[in-house]
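As a plain string of letters, each chain reads:
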Amino acid sequence: MHRPADLHDTTGRRRALSFFVAAAVSAVSGSLATVLSAFALRPLRRADPSPWLRAGPIADLSPNTPVARVVSVRQADGWYRARTNRTIFLVWDGEQDVRALSATCSHLGCQVAWNADAKTFRCPCHGGVYAADGRVVSGPPPRPLSALPVDIRGGEVLVQLAAEKR
Ligand code: FES
């Protein structure tokens, strides 16, 4: 038989134990929720500025002749990460100015090539033709080739791809 004082002690201990278990579960689940939400939302909060990508030394360019370069760019889409290669053209004016043009046709996205004889960019898909400065000469392209931001540091040409102007 339990005495009334023992019964009171047992009930009090049960309540205290229940309280501590509930407090511990709340603390652990709150911490876990904070960590998981921070982890899940991280890609949304991190807006990487477009990086400057190395496109080769200016000394390798010939005046007023577009030169193709392949630059490697990191892509992030949520948790997906990958590296892709993109072709661009660098056009040096023979002095201090370098222009960078995307090689992606503004019509349906095929890659254009420089035709040195005709001094134009030609798109193999639907016959789009662009001038050396990227203007549309003929064919279906609705816009010029995208001009890319360029910087020159220590004789190296740097370009930004994410900020392509259309
Ligand atoms: Fe270049 Fe159509 S994709 S002309």
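Calculation rules
Residues numbered from 1 in each chain as written. Predicted model: local features only at pLDDT ≥ 70, side-chain atom pairs only at ≥ 80, totals over all residues. Heavy atoms only, no water. Pairing = 2+ DSSP bridges. Helix = DSSP H or I, 4+ residues; strand = E, 2+ residues; numbered from the N terminus. Core = buried A, V, L, I, M, F, W, Y, C linked by side-chain atoms within 4.5 Å. Buried < 20%, exposed > 50% of the residue type's maximum accessible area, 1.4 Å probe, protein only. Contact = heavy atoms within 4.5 Å.

Asks: Residues and numbers for the sheet that holds strand 7 (residues 129–130), please.
Replies: If you walk across this open sheet you meet the four strands as 5-6-7-8, and the pairing is antiparallel. Only two strands of the sheet have a single partner each, and these edge strands are strand 5 (113–115) and strand 8 (136–138). In this sheet, strand 6 (residues 120–122) lies alongside strand 5 in antiparallel orientation, the contact comprising three bridges. Bridge assignment links Asn115 to a residue of strand 6, and that residue is Thr120.

Asks: Explain the nonpolar core to me, and be specific about the residues and the numbers.
Replies: If you look at the biggest cluster of nonpolar residues, it comprises 16 residues, and the most contacted ones within it are Leu61, Ile88, Leu90, Val157 and Val159. Listing elements by their share of this core, those giving two or more residues are strand 1 (53–57), strand 2 (67–77), strand 3 (80–92), strand 4 (98–102) and strand 11 (156–159). The contact partners of Val157, leaving out residues within four places of it in the chain, are Leu53, Arg54, Ala55, Gly56, Ile58, Leu61, Leu90, Val98, Val150 and Asp151. Phe89, Cys105, Cys123 and Tyr130 belong to the second-largest nonpolar core, a separate cluster that totals eleven residues.

Asks: So what's going on with unusual backbone geometry? Residues and values would help.
Replies: The backbone of Asn64 shows a phi angle near 55°, a positive value even though the residue is not glycine. Relative to the elements of secondary structure, Asn64 occurs in the loop between strand 1 and strand 2. Of note, Lys119 is a non-glycine position whose phi angle comes to about 55°, a positive value. With respect to the helices, strands and loops of the structure, Lys119 is situated in the loop between strand 5 and strand 6.

Bear in mind that shape data such as this cannot, by itself, settle questions of function.
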